[in-house]
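Summary of the model geometry
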Amino acid sequence: MFNYYLRLAMASIRRTPVLSVLMVLALGLGIGAFMTTFTVYYLMSGDPIPHKSHMLYAVQLDNWDPNDPPTESAKDLQPQITYRDGQYLMNSAAPAIRQAHIYATGAIVVPDTDEPPFDESIRATYHTFFEMFDVPFLYGQPWDRRDDEDHAAVAVIGRELNDRLFDGANSVGQSIRLDDKFVQIVGVLDDWQPTPRFYHVDAGGQFADTEQIYLPFNWAIDQKLLPRGNTNCWKPIDESLPLFEGFLQSECVWNQFWAELETPQQAAAYKDFLDNYVRDQKAIGRFERPLNTFISNVPEWLEVNEVVTDDNRVLVRLSFLFLLVCVLNTVGLLLAKFLGKSGEVALRRAMGASRGAIFSQNLVEVGVIGVLGGLAGAGLAWLGLQAVENLYRGYQHLVHLDPMMLTTAIGLATLSAILAGLYPVWRVSRLAPAGLLKTQ
Amino acid sequence: MLKMNNISKIYRTELVETHALRELDLHVEEGEFIAVTGPSGSGKTTFLNIAGLLEAPSSGIYELDGEDVSQLTDRQRSRIRNEKVGFIFQSFNLIPDLSLADNVDVPLRYRGWSRVERRKAVGDMLDLVGLGSRQNYLPSQLSGGQQQRVAIARALAGKPRFLLADEPTGNLDSEMAGIVMNLLESINADGTTIVMVTHDPDLAHRASRNIHILDGRASDVVIPVSTNVTALPERGVACV
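Residues numbered from 1 in each chain as written. Chains lettered and ligands numbered in written order. Predicted model: local features only at pLDDT ≥ 70, side-chain atom pairs only at ≥ 80, totals over all residues.

1. Re the overall build of chain B
The helix and strand inventory of chain B stands at 7 helices and 11 strands. For 240 residues, the compact-globule formula gives about 18 Å, and the C-alpha radius of gyration of chain B, at 18 Å, lands near that figure. Viewed in the frame of its principal axes, chain B has a C-alpha envelope of about 50 × 45 × 35 Å. The 240 residues of chain B split such that 48% are buried. Within chain B, residue pairs in contact and separated by at least 24 positions form 69% of the contacts whose partners lie at least 6 positions apart. (Helix = DSSP H or I, 4+ residues; strand = E, 2+ residues; numbered from the N terminus. Rg over C-alpha atoms; globule rule 2.2 N^0.38 Å. Buried ≥ 20, exposed ≤ 12 C-beta atoms within 10 Å, placed from the backbone. Contact = placed C-beta atoms within 7 Å.)

2. Structural notes on the overall build of chain A
Each helix and strand counted, chain A has 15 helices and 11 strands in total. What you see for chain A is a C-alpha radius of gyration of 30 Å, clearly larger than the 22 Å of a compact globule of 440 residues, by over 25%. Each of the three principal axes of chain A carries a C-alpha extent, and together these read 100 × 55 × 35 Å. The burial tally for chain A puts 42% of its 440 residues in the buried class.

3. Some points on the domain arrangement of chain A
Annotation of chain A at the domain level lists domain 1 (2-45 + 309-437) and domain 2 (56-304). Using only C-alpha atoms to locate each centre, domain 1 of chain A and domain 2 of chain A end up separated by 48 Å. (Domains from an automatic or database assignment.)

4. A closer look at helix H6 (residues 159-166) of chain A
Residues and elements named next belong to chain A. Along H6, the positions that sit buried rather than exposed are Leu161, Asn162, Leu165 and Phe166. Within H6, the buried residues cover an arc of 100 degrees as seen down the axis, which keeps them to one side. Packed against the buried residues of H6 are strand S6 (154-157), strand S7 (175-178), strand S8 (181-189) and strand S9 (213-216). (Arc of directions from axis to C-beta.)

5. Some thoughts on the environment of leucine 108 of chain B
Residues and elements named next belong to chain B. Within the fold, leucine 108 resides in helix H3 (residues 100-109). The exposure class of leucine 108 is buried, given the 23 C-beta atoms found within 10 Å. Leucine 108 sits 45 residues away from glutamate 63 along the chain, and the two C-alpha atoms are 24 Å apart. Beyond its immediate stretch of four places on either side in the chain, leucine 108 contacts Trp113, Arg118, Ala121, Ala157 and Gly158.

6. So, the interface of chain B and chain A
Opposite the 22 residues of chain B that make contact, chain A presents 19 residues. Mapped by element, the contributors of at least two residues to the side of chain B that touches chain A are helix H1 (44-51), helix H2 (74-84) and H3 of chain B. Counting residues per element, the side of chain B that touches chain A draws most heavily on H2 of chain B, which supplies 6 residues. For the side of chain B that touches chain A, the class distribution of residues is 7 nonpolar, 7 polar and 8 charged. (Nonpolar A, V, L, I, M, F, W, Y, C, P; charged D, E, K, R; others polar.)

7. Section: unusual backbone geometry
Residue and element names in this part refer to chain A. Here the amide bond leading from threonine 195 into proline 196 is cis, since omega sits at -5 degrees, within 30 degrees of zero. Mapped onto the fold, proline 196 is located in the loop between S8 and S9. The phi angle at aspartate 134 is positive, at roughly 50 degrees, despite the residue not being glycine. Along the polypeptide, aspartate 134 turns up in the loop between helix H4 (128-132) and strand S5 (137-140). If you check the backbone angles, histidine 151 has positive phi at about 55 degrees while not being a glycine. Position of histidine 151 relative to the elements: it lies in the loop between helix H5 (145-149) and S6.

8. Some thoughts on the sheet that holds strand S3 (residues 33-37) of chain B
All names here are of chain B. Spatial strand order, S6-S7-S8-S3-S9-S10: 6 strands in an open sheet with mixed pairing. If you trace the sheet from one side to the other, it starts and ends with strand S6 (85-88) and strand S10 (217-221), each paired once. Taking the axes of each pair of neighbouring strands and ignoring which way they run, one obtains an average angle of 20 degrees across the sheet. Across 4 bridges, S6 lies against strand S7 (residues 162-166) in parallel orientation. For isoleucine 88, the partnering residue across the bridge sits in S7 and is alanine 165. Taken strand by strand, helix H5 (residues 144-157) contacts S6 and S7, and its axis lies near 170 degrees from that of S6. (Pairing = 2+ DSSP bridges. Axes fitted to C-alpha atoms, helices over the stretch in contact; angles between N-to-C directions.)

9. Things to note about the packing of helix H2 (residues 17-44) of chain A against helix H13 (residues 355-391) of chain A
Residue and element names in this part refer to chain A. As a packed pair, H2 and H13 sit with axes 6 Å apart at the nearest point and diverge in direction by 45 degrees. Taken together, the axes of H2 and H13 are oblique relative to one another. Pair H2 / H13 crosses with right-handed handedness. When the residues that make up the contact of H2 with H13 are grouped by side-chain class, the tally is 16 nonpolar, 10 polar and no charged. (Parallel < 35°, antiparallel > 145°, perpendicular 65-115°, else oblique. Left-handed = near helix turned anticlockwise from the far one by under 90°.)

10. Observations concerning H2 of chain B
The periodicity of an α-helix, 3.6 residues per turn, causes residues three or four positions apart to be oriented the same way. Among all positions of H2 of chain B, only Arg77, Ser78, Ile80, Arg81, Asn82 and Lys84 of chain B are buried. Those residues of H2 of chain B hidden inside the fold are in contact with helix H12 (342-350) of chain A together with strand S4 (59-64), S6, H3 and S7 of chain B.

11. Re the packing of helix H11 (residues 310-340) of chain A against helix H14 (residues 403-429) of chain A
Residues and elements named next belong to chain A. One can describe the packing of H11 onto H14 by two numbers: an axis separation of 8 Å at closest approach and a directional angle of 30 degrees. The orientation of H11 relative to H14 falls into the category roughly parallel. Relative to H14, H11 is oriented so that their crossing is right-handed. Where H11 abuts H14, its residues Leu323, Val327, Thr330, Val331, Leu334, Leu335, Phe338 and Leu339 lie against Ser416, Ala417, Leu419, Ala420, Gly421, Tyr423, Pro424, Val425, Arg427 and Val428. The residue inventory of the contact of H11 with H14, partitioned by class, reads 14 nonpolar, 3 polar and 1 charged.

12. Points about the environment of isoleucine 418 of chain A
Residue and element names in this part refer to chain A. Inspection of the secondary structure assignment puts isoleucine 418 in helix H14. Among the residues examined, isoleucine 418 registers 15 C-beta atoms within 10 Å and is labelled partly exposed. C-alpha of isoleucine 418 to C-alpha of serine 175: the two residues are 243 residues apart in sequence and 61 Å apart in space. If sequence neighbours within four positions are ignored, isoleucine 418 has contacts with Leu363, Val366, Gly367 and Gly370.

13. As for the pairing of strand S4 (residues 118-125) of chain A
All names here are of chain A. When strand S3 (residues 98-110) meets S4, the two strands line up antiparallel, connected through 7 bridges. Within S4, the position partnered with alanine 107 by the bridge is glutamate 120. Alignment of S4 against S9, held across 4 bridges, turns out to be parallel. Within the sheet, the bridge partner assigned to alanine 124 lies in S9 and is leucine 215.

Here you go:
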């Protein structure tokens, strides 16, 4: 009977095109608005590295101005640390499985070909970065500890850059020119885009592309590659030192620091280690504020940095309310549509259709309207996400319409339509046929 | 075939209680062609609705084909309606956007017959009413008389033993009405029991028995000899 009901549903939709289009549009608008805000929210609030997000900790140290208001939580602290603290921790015997000292920089890539030079973002870090964050490799491997210690001129590049410079061929062993220096490629990454980009979430970079070039931290410092992204200072730089050296030794924060800690006991021990380090620094006149060190795992870190803002949550709630309004509108339209065919319902009842058969027939019609509404909603959600992409920088990874989203949109629309249709369908199936046959 | 004993139907609203049928007794034997007459508001349509299981009586016993059908569930009533009763309406009640074949197919869909069985029954019935070559037409492409013939084909498609017709010629001119009546007589001659509500005394006189309903009560009417129609059968008693 399902196929028969499906055929009747299509005929019924054709019979009342205006009402049907209105219902599809009502559902489509509701679904479109909700799916747009929910997709952005879902991707923003997703776990970018689910299998080990509770083992990776971002480090915060409170080296800030003693005259500032007191620190009450990790949210009150700078999300980055100084170069000198990062260097100390990186070279210490800290009780962590791995640590990674990181900063964002950039350089001009000068291709071998006729292509003009172009600017490229760079992530300067240690070899531990790749294993710590499970970065996938297409060719080669990360540089090793010795390369870090030797300040080696090596690089790992991203797949996109490898495609651009080497047509996707294995470029391990080749060199690329950055500004006026050459670095040798040791590895090429496969596609890698954690969303949010948890390892560096400030300055609106939480949804930015991952970098296409990774360099040993020490080599980048040797080349005086300046940081890109937020650099915050509360104390003047020592002018007695050369400018770059003065910057490195300053209280300016511009480095990210991560530690991999397997158990809560390890995390506690690591925090003790940080506290002791800060106490030692206090003894030599730094860290003038009360002792405030924080370590936050990835979910906590995204919360601390308010990657998902309250605005996003409010938008999702508002769009859900809008969807409810659309569903309520659809209830009214369905009621009008179904009561409009009460004569046919009465006739079918006279011909032997039970209430259940009438209920099923009309529920299939509601389902068809739901699927059409879902398709319209998915289309509108796609447009909505395009608008988000065009309006806001750094949202490129949030604006894709994948099969999962299409399925969800259609599923949600069908469910909404069925919920909206339950009352009208029930109502029409309860119509007394006797009085309606005479008047049809 | 059809036995109604003490059937009453009361419609209640907050203000009014309307007695549509009052302790109506009526027996219809298999193969009869009954014409039911009566003024507007006398209870004819209520009688037809109860006879066709579209409504349940407020009280009394209704037996159809030997089975008490007064207090069945909706599903049971629907099944009996589908298997044993055919309806013909004054305004044809064809579904406008379904072809003639699909219209005739409607009751068969609820019967659970196979596609082949349904297709054969639909073809046979449309042939019977002389519209076999127009299976794919829409109702709007036919005249009123032709539409009523399609409605008759639909009523007969499931081979019911009992046909209920509510003013089947009410919307037709006399020529078309004649054709439809001839068709009903021929169907009755083949063994189908027919109960027809009509206002037209000429048509009523072509039935084998006339029942008059007044104020919710039924009584037999003797057909005048001068009308030259079939004599009132001995069997079948209707009384107050």
